[in-house]
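# Fold and geometry: a report
In case you want the letters, here they are:
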Amino acid sequence: MTDRLEVGRVAKSHGLRGDVLIKFTTDRLAERTAVGSRLGIGDHDYTVSRAQPYQQQWLVHLEGVDSRDAADRLRGKLIVADPLDDADAMFVHELIGQRVVDQHGIDHGKVTSVVANPASDLLELVDGRLIPMVFVQTAVDGIISVEVPAGLLDDADA
C-alpha cells in the first residue's frame, strides 16, 4: 500500500449540516478540494462533495458527514491523502538527509529540516544555513541541486 501524505487538518465544524473548515498544508489545493477527491480522516476515507475557500481555510462538505455532531467528531483530526502522480513533486520527508550542491559543484552539507516560511519554504542545513526552496533545481539520487545568488551560502567565518 502506498504511504499517504499529510495534506491538512480539520479546524472545526461550520453550520448545522456537517460542513467542516479545513486548514490545508498542501500546494495541490485544486486536486485535494475537487469534487470526488478522497481524504483520509482518522480511520475513514471521505469523498469531497463540495468545497470553497473561506477565510484562509476551506469550507468543505464530506459525503456521510451530514450533521454538526458528525462534523464536530472530526475537529482537530489530521487529514491524509494518496500521493498524486507527479514526477516533478518533491516531498519534505524525501529532502531530509540529502546533500545540497550549488551550481559551482560545491557540496554544502545535508538538509536537516524544511522550515515553513510564507514566501518560500527553507531548507535548513546541518550548520544552520537556510536556502529558500525557490532556488532548488532538482532533487535526484540524494543530491539537491540549487542555483543560488552570490553570497547566500558563503561561510559565516569568511
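Scroll up to find the structure this text is about.
Residues numbered from 1 in each chain as written. Predicted model: local features only at pLDDT ≥ 70, side-chain atom pairs only at ≥ 80, totals over all residues. Heavy atoms only, no water.

### Here's the deal with the environment of Lys-12
Stated formally: Secondary structure elements are taken from DSSP: a helix is a run of H or I of four residues or more, a strand is a run of E of two residues or more, and numbering for both begins at the N terminus. Each residue is assigned to one of three classes by its accessible area relative to the maximum for its type, calculated with a 1.4 Å probe on protein chains only: buried under 20%, partly exposed between the two thresholds, exposed over 50%. Should any heavy atoms of two residues lie within 4.5 Å, those residues are considered in contact.
Of note, Lys-12 is situated in strand β1 (residues 5–14). Given the relative accessible area of 38%, Lys-12 is considered partly exposed. When the C-alpha positions of Lys-12 and Gln-103 are compared, they lie 46 Å apart, and in sequence the two are 91 residues distant. Leaving out residues up to four positions away in the same chain, Lys-12 has contacts with Val-20, Leu-21 and Arg-75.

### Quick look at the side chain of Arg-32
Note the threshold: Positive charges come from Lys and Arg, negative ones from Asp and Glu, while His and the chain ends are left out of the count. A carboxyl oxygen of Asp or Glu within 4 Å of a side-chain nitrogen of Lys or Arg is what we treat as a salt bridge. Pairs of N or O atoms are called polar contacts if they sit within 3.5 Å, as long as, within protein, a hydrogen donor faces a hydrogen acceptor (for residues adjacent in sequence, only side-chain-to-side-chain pairs).
Within the secondary structure, Arg-32 is located in helix α1 (residues 29–33). Comment: no salt bridge for buried Arg-32; closest opposite-charge side chain is Glu-31, at 6.6 Å. Here Asp-82 takes part through its backbone oxygen, which lies 3.0 Å from a polar atom of the side chain of Arg-32. What Arg-32 contacts, discounting residues up to four positions off in sequence, is Val-7, Phe-24, Thr-26, Ser-37, Leu-39, Val-48, Ala-81, Asp-82, Pro-83 and Leu-84.

### Focus on the pattern of salt bridges
It is possible for side chains bearing opposite charge to pair when their charged atoms get close. Taken as a whole and assessed by the stated rule, the structure comprises six salt bridges. For Arg-4, the salt bridge is made with Asp-45, and the minimal N-O distance between the two is 2.9 Å. Within this pair, whereas Arg-4 is found in the segment before β1, its partner Asp-45 is found in strand β4 (residues 44–54), the two being separated by 41 residues in sequence. With relative accessibility at 36%, the residue Asp-45 sits in the partly exposed group. Residues Asp-107 and Arg-99 are paired through a salt bridge, measuring 2.7 Å at the closest nitrogen-oxygen approach. With relative accessibility at 31%, the residue Arg-99 sits in the partly exposed group.

### Points about the sheet that holds strand β5 (residues 57–62)
Cut-off, in case you're wondering: Strands qualify as paired when DSSP identifies two bridges or more between them. Axis angles are defined between N-to-C directions and span 0 to 180 degrees, where every axis is a line fitted to C-alpha atoms and, for a helix, only to the segment in contact.
The six strands lie next to each other as β1-β2-β5-β4-β3-β6, forming a closed barrel whose pairing is antiparallel. Direction aside, the axes of adjacent strands within the sheet are offset by 45 degrees on average. Sheet topology note: the β1/strand β2 (residues 19–24) ladder contains six bridges and is antiparallel. Note that in β2 the partner of Val-10 across the bridge is Ile-22.

### Examining the sheet that holds strand β7 (residues 99–101)
The six strands lie next to each other as β10-β9-β8-β7-β12-β11, forming an open sheet whose pairing is mixed. The strands lining the two open edges of the sheet, one partner per strand, are β10 (130–132) and β11 (136–140). Neighbour-to-neighbour, the strand axes of the sheet open up by a mean angle of 35 degrees, direction not taken into account. Looking at chain direction, β11 and strand β12 (residues 143–146) are connected through four bridges and run antiparallel. By the bridge assignment for β12, Ala-139 is matched with Ile-144.

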